[in-house]
Amino acid sequence: MHILTITSQYNTWDSDYMKGINLNDRLISSHDPLDTIGIIYVHRFSLYEVGKYFDQRSRKSNFSINDQGINQLITYTLNIFPKLFLLSYFQILVKSIYSYRQYVKKYGDPDVIQAHQTLYAGLCAVIIGKLYGKKVIIFEGCSYFIRAKVSRIKRYIISKVVNNANCLIFVSKYLQDIYHEKLNIESTNYSLVIPLAIPHDIIHYSKDKDHSGNNFIFCMVSRLTREKGVDILVDSFIEAFGSNSNVELVIIGNGPHHFVSKLIHRIKNLSVNIEIINGASRGDVLDQMSSANIFVLPSLKYETFGKVIVEAHYFGMPVITTNVGGQCEIIDPSNGVLISPNSSDLTHSLKFMYGNYNTYDMDFIKKKSMNKYSPSTILLLWKCVYNTILPKINTQ
């Protein structure tokens, strides 16, 4: 089967980090190795990035590459209508149709089109689907519908996109409920929840979990911003353990330079056992998670799913996280604790988990995570979708 994904966000040549869900991980983990997988992405440079835009065009205006077995076609354009979003949508649509034709010439005709997010990608996917007679699946895992006020015209566009797609898939029940409640949209088509799978690189990670060091380690892996609760975690850790040299906090991630620099400078001036690792490689992240005891994700506002929690559970770590999103569907008393997004609850939970760590069964946490979020489990859910909307195509 040949599956083509049109996405609104993707990691490109100048990306320092991946915004939103890692699309490559999702595609690789949720499709059969025999499937042909492709991606179309229109990368828009702002008017402030006109130099980067022409520099990229001088190399090649659009190009296709093959990464991890995924066919990719990335087209570059200049966003000349930043405040006129209908014209901006039209610009992306024209580029996407052009990219689709180029993709088909190089890689062949897809059996189904997926849209990674409703806005932009979803609109392009359903129009291309109508033009070329393709079934369309929309996968939604974006926090936009939680954090932003959706205008009436965007609400109208979303309703048209949803009702012209063949299937609408959400990364969590939480996001599905918010989506329908906030947008007041009732899809006339197939709608269900399929979570993200544990990435293959974690499953194939070869090092055994190592607690041979003297320190008890709390670990956080996240985008380093105020909304993720990083500074509150630092304050709570200091309040809970002070200068206790036997307890360590390791925070890993990328974020705005001014915020991260200020945080690092502040920690250097304190006598506390906290380490900030900014810009770590994927291998370094896995090494740190493998050696940690407790994982912490103290988000203050929302998490559509919390993929990093599933990853932490694969390493057998119990998790402390806030009750502000899809992570509530992952956490139960056997694998962690849910708290309110405030410093007093976080301080108490850090102390509680430190004192009760031995009551958690690491092997059970890992096994439970694999049973629910392994690539083979998630693949079965996706095959059910394909068998439903594409009954004549063999997806076995």
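Analysis parameters
- Residues numbered from 1 in each chain as written.
- Predicted model: local features only at pLDDT ≥ 70, side-chain atom pairs only at ≥ 80, totals over all residues.
- Heavy atoms only, no water.
- Helix = DSSP H or I, 4+ residues; strand = E, 2+ residues; numbered from the N terminus.
- Buried < 20%, exposed > 50% of the residue type's maximum accessible area, 1.4 Å probe, protein only.
- Contact = heavy atoms within 4.5 Å.
- Areas by Shrake-Rupley, 256 points an atom, 1.4 Å probe, with all protein chains shown as cover.
- Pairing = 2+ DSSP bridges.
- Right-handed = clockwise from strand over helix to strand, strands pointing away.
- Axes fitted to C-alpha atoms, helices over the stretch in contact; angles between N-to-C directions.
- Patch = residues over 30% accessible without salt bridge, like charges linked within 9 Å, V, L, I, M, F, W, Y side chains within 5 Å.
- Salt bridge = Lys/Arg side-chain N within 4 Å of Asp/Glu carboxyl O.
- Parallel < 35°, antiparallel > 145°, perpendicular 65-115°, else oblique.
- Left-handed = near helix turned anticlockwise from the far one by under 90°.
- Nonpolar A, V, L, I, M, F, W, Y, C, P; charged D, E, K, R; others polar.
- Core = buried A, V, L, I, M, F, W, Y, C linked by side-chain atoms within 4.5 Å.
- Polar contact = N/O pair within 3.5 Å; in protein donor to acceptor, adjacent residues only side chain to side chain.
- Phe/Tyr/Trp six-rings, centres within 6.5 Å; stacked < 30°, edge-to-face > 60°.

(A) Summary view of the overall build of the protein. Looking only at helices and strands, the protein has 15 helices and 14 strands in total. Evaluated residue by residue, the protein yields a buried proportion of 53% over its 396 residues. Restricting the contact set of the protein to residue pairs at least 6 apart, pairs at least 24 apart contribute 74%. Of the roughly 18100 Å² of accessible surface on the protein, a fraction of 52% belongs to carbon and sulfur atoms.

(B) Local environment of the pairing of strand E11 (residues 274–278). Of the pairings in the sheet, the one linking strand E10 (residues 247–253) to E11 comprises five bridges and is parallel in character. Along E11, the bridge assignment pairs glycine 253 with asparagine 278. Regarding the hand of the β-α-β motif, the stretch spanning E10, helix H10 (residues 257–268) and E11 is right-handed.

(C) Summary view of the sheet that holds strand E13 (residues 319–322). Judged by pairing direction, the sheet is parallel, and its six strands sit side by side in the order E11-E10-E9-E12-E13-E14 without closing on themselves. Only two strands of the sheet have a single partner each, and these edge strands are E11 and strand E14 (336–339). For this sheet the average axis-to-axis angle between neighbouring strands, irrespective of direction, equals 20°.

(D) Structural context of a nonpolar patch on the surface. Together, Leu86, Ile153 and Tyr156 give the surface a local cluster of nonpolar side chains, amounting to about 300 Å² of exposed area. With respect to the helices and strands, leucine 86 occurs in helix H3 (residues 85–107).

(E) Structural context of the packing of H3 against helix H6 (residues 152–164). Two numbers describe how H3 lies on H6: the axes approach to 11 Å, and their chain directions differ by 30°. When the interaxial angle is binned, H3 and H6 end up roughly parallel. Contact residues: Phe85, Leu86 and Tyr89 in H3; Ile153, Lys154 and Ile157 in H6.

(F) Highlighting the packing of H6 against helix H7 (residues 173–183). It is at 11 Å that the axes of H6 and H7 come closest, and there the two elements cross at 125°. When the interaxial angle is binned, H6 and H7 end up oblique. The two elements H6 and H7 cross, and the hand of that crossing is left-handed. Counted together, Arg155, Ile158 and Val162 of H6 and Tyr179, Lys182 and Leu183 of H7 form the full contact between these two elements. Of the residues that constitute the contact of H6 with H7, the class distribution is four nonpolar, no polar and two charged.

(G) Geometry of the nonpolar core. With 82 residues, the main nonpolar core has Ile137, Ile169, Met289 and Phe295 as its most contacted residues. The leading source of residues in this core is helix H4 (residues 118–132), at seven residues. Phenylalanine 295 has contacts with Cys219, Met220, Val221, Met289, Val308, Ala312, Met317, Pro318, Val319 and Ile320, leaving out every residue within four places of it along the chain. Counting 31 residues, the second-largest nonpolar core is a separate cluster that includes Ile267, Ile294, Val337 and Leu346.

(H) Local environment of the environment of aspartate 201. Take aspartate 201: it is sitting in helix H8 (residues 200–203). Accessibility expressed as a relative area gives 32% for aspartate 201, which makes it partly exposed. Considering only alpha carbons, one finds aspartate 201 and arginine 282, 81 residues apart in sequence, at a separation of 9.2 Å. Excluding residues that lie within four positions of it along the chain, aspartate 201 makes contacts with Arg282 and Leu286. At a separation of 2.7 Å, a polar atom in the side chain of aspartate 201 contacts the side chain of arginine 282.

(I) View of helix H12 (residues 307–314). Counting buried residues in H12 gives eight out of eight residues, a clear majority hidden from the surface. Taken residue by residue, H12 has Lys307, Val308, Ile309, Val310, Glu311, Ala312, His313 and Tyr314 as its buried positions. Phi for glycine 316, located one or two positions after H12, is positive at around 80°.

(J) Fine view of the side chain of arginine 26. Topologically, arginine 26 is positioned in helix H1 (residues 23–29). Polar contacts involving the side chain of arginine 26 include one to the side chain of glutamine 114, which spans 3.0 Å. Dropping the residues within four chain positions of it, arginine 26 is found in contact with His31, Gln114, His116, Phe139, Leu196 and Trp382.

(K) Structural context of the packing of aromatic side chains. One pass over the full model with this rule turns up 17 aromatic pairs. Note on phenylalanine 45 and tyrosine 76: the rings are 5.7 Å apart at their centroids and 25° apart in plane angle, and the pair reads as stacked. Of the two residues, phenylalanine 45 sits in strand E2 (residues 36–45) while tyrosine 76 sits in strand E4 (residues 70–78), which places them 31 residues apart along the sequence. Judged by relative accessible area, which is 1%, tyrosine 76 ranks as buried.

(L) Layout of the pattern of salt bridges. A complete count under the given rule lists ten salt bridges for this structure. Among the ionic pairs, arginine 282 bridges to aspartate 201, the shortest N-O distance being 2.7 Å. Taken together, the residues span a long stretch of sequence, with arginine 282 in helix H11 (residues 282–291) and aspartate 201 in helix H8 at a distance of 81 residues. For arginine 226, the salt bridge goes to aspartate 231, with nearest N and O atoms at 2.6 Å. Judged by its relative accessible area of 14%, aspartate 231 is buried. One network of salt bridges, in which partners are shared, links Asp201, Arg282, Lys307 and Glu311.

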